[in-house]
Amino acid sequence: MPAWIRRLRARLKYRHFEDDLDEEIGTHRSLAADEHARAGAPAADAGSRAMRDLGNVTLAREDSRAVWLPALLQQFVQDARYGFRSLRRERGFTTAAVLMLTLGLGLVAIGFTMYYGLFHRPWNVPDASRVFLASVIQPPGPGRVDDGFTYAGFKLLRERAKTADYAVAMPNWHRVSGPEVVESPYVPFVYFVSDGFLETLHAPMQLGTGLGSRASDDDRVAVLTDRSWRNYFNADPNVLGKTVKVFQTDFTVVGVLAPGLDGFGPRRVALFMPLATAPLVRKDSPPSTVVLNEHSCCVSLMGRAREGFTRDQVREELALLTNAERAERGLAPVTVDLFGTAPFDGRGAPTGMMRVIGLIAAGVVLVLILTCANVGNLHLARSLRRQREIVVRLSLGASRPRIIRQLLTEGLVLAGLAGALAWLATMAVPALMELADEWPDGMYVSDWRVGALTATLTAIACLIVSLAPALQTTRVSWRGAAATISARTGRTRGVLLAVQIAIAMVLILTATLIARGIHHAATSTSDFAMQTTIAARVSTRDELTRERFNAIWSGLEAAAASSELAIGIADVIPVSNLSGISTSVRPAGTNIDYRADLMPMNARSFAVLQVPLVRGRWASDDSRAREAVINELLAEQIWPGADPIGKAIQIDFDDSTVTIVGVARNAHLRYLGEIRPLVHTPPMRVGMPALLVTDSPDVTQRLAALVQGVDPSLRLVDANSLAHLARSTLDNALLGAATAGALGLVALALAVVGIFGVFSYIIEERRREIGIRLALGAGRRDIRRSIARASRGALVGGVAGGLALSAIVGMALQGLLFGLSPADPISYALVAVLLLAAAIAAMYVPVRRALRTDPAATLRAE
């Protein structure tokens, strides 16, 4: 145990240290005097001789104090005790300051807890630092299609790798039910894993065993997580050997994982099953695809580095073996990289999510600054009531550093209480995440990192809320001190009030702009028939050969052409999460790439969507014709001012060359927020088809009957209007709007409290002046104007600063505004009215209290 901790414990134990020290010195003096008396010394000389024997008692006292407690720490303890007493006498100020600081510090601490869980916290397995995820970096150039690890490549790795042990996991959503619960509408995450997956992770079991070597689809076994064991089997200790149903397929339970191991990724996992059994559950799922065709892409590869090997050595061997397997199949080499197991460790979140994360982080920091400014303003206002104390202490000889130290200690006490409460608030994050029923246990936990961040922010908050008031209130002499303090604190209060108003304006305007942008996207997209178009994906549970797959496509195209309904067939569904394929194109004969989105659909799809041609004609529905239609934006980018009809482009997605036969009008077919460069080809049959039809009574039933007539195994999936499906592209914006709105309301409440506090203290400071002016006949309107003028500079400065910051923030938010201008006048007008109403409400009570001042009582006091 460090020496200073022992001293502190001793100091806390011996609260009457000085008395104990006096008693001990007196005891030693008495013993020495008794010895001299027994030796024959006169009684009068015995005491003097004893004092000479003891030597310098003052130095002895200082040495004893140094043993028990350093002087600086002793002074801090004394200042802290005085600060506690002072703050306890002002319970209203203390409560308000602690609650506001707790709000700011708590939001930052909770935000950091969630950020660390998403970007840095590894899987909850033994020796997690040696576990990694592997990824293939796509090669540049034409033919840029999905590329990654294959099941066959994984088998080769498992046989030849010397530096690491590898395993494969293929996640999917499937309905799960057990004997203790009925099947719920919630579709959990299940993992199809290679044999030895749990053993590679060293995942501990509380019941049974792992999956072991299960390479056959006859091994219909499953390992439950602790939560699934409790949910589906009511924590039955005899669960081994019982059956759990996954998408109507029975699996035998062979083990239960230890608690805290319910997630190997960003989602909570219900159970683990052998990858070989995936086709038994659902043949058209991605796990089934990689099992039925071991060279198909892609599997999720993870591994554990063996003892004595670094991650760089693992990466080099993995790249060598992967490219050797690819060379045998005639594929180009790829670059391999390794990442940690946190959801976004080293890889980064999607762009839309990163915008929202950045928005949340900025908003939380602004709220922390706002709370510190608010508490700092309360400190300054409180200094007006401590003028007498400060002036008396200065006039009695107290040094300025001594008083500053005392005031900073009081601020540290406040910030320390708030920091402790904020850190306790992070303990509730795991429980809150459980309400979502999808986040893994242990992903968002509060640990020493959160505590260290909270402690650091507490120290910074202490300086922010205490240093300026301490410097202002001690920069005076005792003569004329009151006027000096009032003038200086008044200016500082104005600056802090302006900061509060500016921050509140930025946060409220951010929420308003995003909400207006979502409304704009949902209501003003009129360049195609989004509201009246129904889209559905065709699906089947049967295993399809290439011949049957092509027959379904041909049958649906023929049925759609002969139907009385106008039915478009496409590979994609506009304005949804399946709205296009990102690729690049280049004009034939050049090496200049242009980013574009590929949207394969037939000519009738454009009629359903009501997207007209600007020039040329629609491409032939026969893909062998190699024709394409582009939109106006792409035509202007590649051939500005020229006619693109008849020109050829090369599409990187499939390395094909097509001839431009038409130019379609620009429309928000890919994203509601922006118009993207688009290339429209006939359907490429990259998956099961999507059907587009104009909405009408019973159209979904008629479409389902048409699909069943082509093949009885076919069914429609997610048949809905494009307006409804487009909401899936607004998830990030909705989260951003909700977050900004919540932070904006918090900022508005804090700004109201700040304005109320400033005006209350202004009126308290000028109460005598107001009473005298009322006694001399001043009108109440004049008093109101005088009070308003006192903070006019702060209000104007805050609004001006808020407008400047809002303009910058608005430009940064363009990706979440869906075409709405960052300088939207309606948004600014709404925010201005809201802030004006809040300011009036905050000023109403203090001004009304000032106007009730009794002039006679004021004159009698004079």
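Described below are features of the structure shown in this document. (Residues numbered from 1 in each chain as written. Predicted model: local features only at pLDDT ≥ 70, side-chain atom pairs only at ≥ 80, totals over all residues. Heavy atoms only, no water.)

### Thoughts on the overall build of the protein chain
Stage number 1. Along its length, the protein chain carries 29 helices and 22 strands.
Stage number 2. When the 862 residues of the protein chain are sorted by exposure, 47% land in the buried category.
Stage number 3. Total accessible area on the protein chain stands at roughly 40,300 Å², and carbon and sulfur atoms take up 58% of it. (Helix = DSSP H or I, 4+ residues; strand = E, 2+ residues; numbered from the N terminus. Buried < 20%, exposed > 50% of the residue type's maximum accessible area, 1.4 Å probe, protein only. Areas by Shrake-Rupley, 256 points an atom, 1.4 Å probe, with all protein chains shown as cover.)

### A few points about helix α19 (residues 546-562)
Stage number 1. The end-to-end C-alpha distance of α19 is 25 Å, a good match for the 24 Å that 17 residues give at a rise of 1.5 Å each.
Stage number 2. Taken as a whole, α19 has its buried residues at Phe549, Ile552, Trp553, Leu556, Ala559 and Ala560. Burial along α19 is one-sided: seen end-on, the buried residues are contained in an arc of 135°. Residues Arg546, Glu547, Ala561 and Ser562 are exposed on α19 and point more than 90 degrees away from its buried face. (Expected span 1.5 Å × (residues − 1). Arc of directions from axis to C-beta.)

### Considerations on the packing of aromatic side chains
Stage number 1. Going through the model one piece at a time under the given rule, you end up with eight aromatic pairs.
Stage number 2. With centroids separated by 4.9 Å and ring planes inclined at 25°, the aromatic side chains of Tyr115 and Phe119 adopt a geometry described as stacked. With Tyr115 and Phe119 both in helix α6 (residues 91-119) and four residues apart, the pair spans about one turn of that helix.
Stage number 3. The exposure class of Tyr115 is partly exposed, given its relative accessible area of 36%.
Stage number 4. Judged by relative accessible area, Phe119 falls into the buried class, the value being 9%.
Stage number 5. For the ring pair Tyr191 and Phe272, a centre distance of 5.8 Å and an interplane angle of 85° mean the geometry is edge-to-face. Of this pair, Tyr191 sits in strand β4 (residues 189-193) while Phe272 sits in strand β9 (residues 269-274), and the two are 81 residues apart along the sequence.
Stage number 6. Counting every residue linked through ring pairs, the aromatic cluster contains Tyr191, Phe197 and Phe272. (Phe/Tyr/Trp six-rings, centres within 6.5 Å; stacked < 30°, edge-to-face > 60°.)

### Concerning the packing of α19 against helix α22 (residues 699-710)
Stage number 1. At a minimum axis distance of 9 Å, the contact between α19 and α22 shows a crossing angle of 135°. When the interaxial angle is binned, α19 and α22 end up oblique. The interaxial crossing formed by α19 with α22 has right-handed handedness. On α22, the residues touching Ile552, Gly555, Leu556 and Ala559 of α19 are Leu706, Val707 and Val710.
Stage number 2. A per-class count over the contact of α19 with α22 returns six nonpolar, one polar and no charged. (Axes fitted to C-alpha atoms, helices over the stretch in contact; angles between N-to-C directions. Parallel < 35°, antiparallel > 145°, perpendicular 65-115°, else oblique. Left-handed = near helix turned anticlockwise from the far one by under 90°. Contact = heavy atoms within 4.5 Å. Nonpolar A, V, L, I, M, F, W, Y, C, P; charged D, E, K, R; others polar.)

### Topic: the environment of Asp621
Stage number 1. Take Asp621: it is sitting in the loop between β16 (613-616) and β17 (627-631).
Stage number 2. In this structure the C-alpha to C-alpha distance between Asp621 and Ile569, which are 52 residues apart in sequence, comes to 10.0 Å.
Stage number 3. In contact with Asp621, not counting residues within four places along its chain, are Asn602, Ala603 and Pro682.
Stage number 4. Within polar-contact distance, the side chain of Asp621 engages the backbone nitrogen of Ala603 at 3.2 Å. (Polar contact = N/O pair within 3.5 Å; in protein donor to acceptor, adjacent residues only side chain to side chain.)

### A look at the sheet that holds strand β13 (residues 567-570)
Stage number 1. Taken in spatial order, the four strands line up as β13-β21-β12-β22 in an open sheet, and their pairing is antiparallel. The sheet terminates laterally at β13 and β22 (715-721), the two strands that pair on one side only. When the angles between neighbouring strand axes are averaged without regard to direction, this sheet yields 25°.
Stage number 2. With four bridges joining them, β13 and strand β21 (residues 690-694) adopt antiparallel strand pairing. Paired with Ala570 across the two strands is Ala690, which belongs to β21.
Stage number 3. Strands in contact with α19 are β12 (533-539) and β13; relative to β13, the strand with the most contacts, it is inclined by about 155°.
Stage number 4. Contacting β12, β13, β21 and β22, α22 runs over the sheet at an angle of about 155° to β22. (Pairing = 2+ DSSP bridges.)

### Some points on the pattern of salt bridges
Stage number 1. Under the criterion given, the structure shown has 16 salt bridges.
Stage number 2. Among the salt bridges present, the one from Asp236 reaches Lys242, with a minimum N-O distance of 2.4 Å.
Stage number 3. Exposure remark for Asp236: the relative accessible area of 17% places this residue in the buried category.
Stage number 4. Judged by its relative accessible area of 33%, Lys242 falls in the partly exposed class.
Stage number 5. Notably, a salt bridge pairs Asp337 with Arg315, separated by 3.2 Å at the nearest N-O pair. Linking Asp337 in strand β11 (residues 335-339) with Arg315 in helix α12 (residues 311-328), this pair joins segments that are 22 residues apart in sequence.
Stage number 6. Connected through shared salt-bridge partners, Asp312, Arg315 and Asp337 make up one network. (Salt bridge = Lys/Arg side-chain N within 4 Å of Asp/Glu carboxyl O.)

### Quick look at the environment of Thr243
Stage number 1. The residue Thr243 is located in strand β7 (residues 243-246) in this model.
Stage number 2. Taking the relative accessible area as the measure of exposure, Thr243 reaches 38% and is therefore partly exposed.
Stage number 3. Along the sequence, Thr243 and Arg220 sit 23 residues apart, while their C-alpha atoms lie 9.8 Å from each other.

### With respect to a positive patch on the surface
Stage number 1. Together, Arg81, Arg85, Arg88, Arg89 and Arg91 give the surface a local cluster of positive charge.
Stage number 2. In terms of residue count, the dominant contributor to the positive patch is helix α5 (residues 71-89) (four residues).
Stage number 3. Take Arg91: it is sitting in helix α6. (Patch = residues over 30% accessible without salt bridge, like charges linked within 9 Å, V, L, I, M, F, W, Y side chains within 5 Å. Lys, Arg positive; Asp, Glu negative; His and termini not counted. Charge placed at Lys NZ, Arg CZ, Asp CG, Glu CD.)

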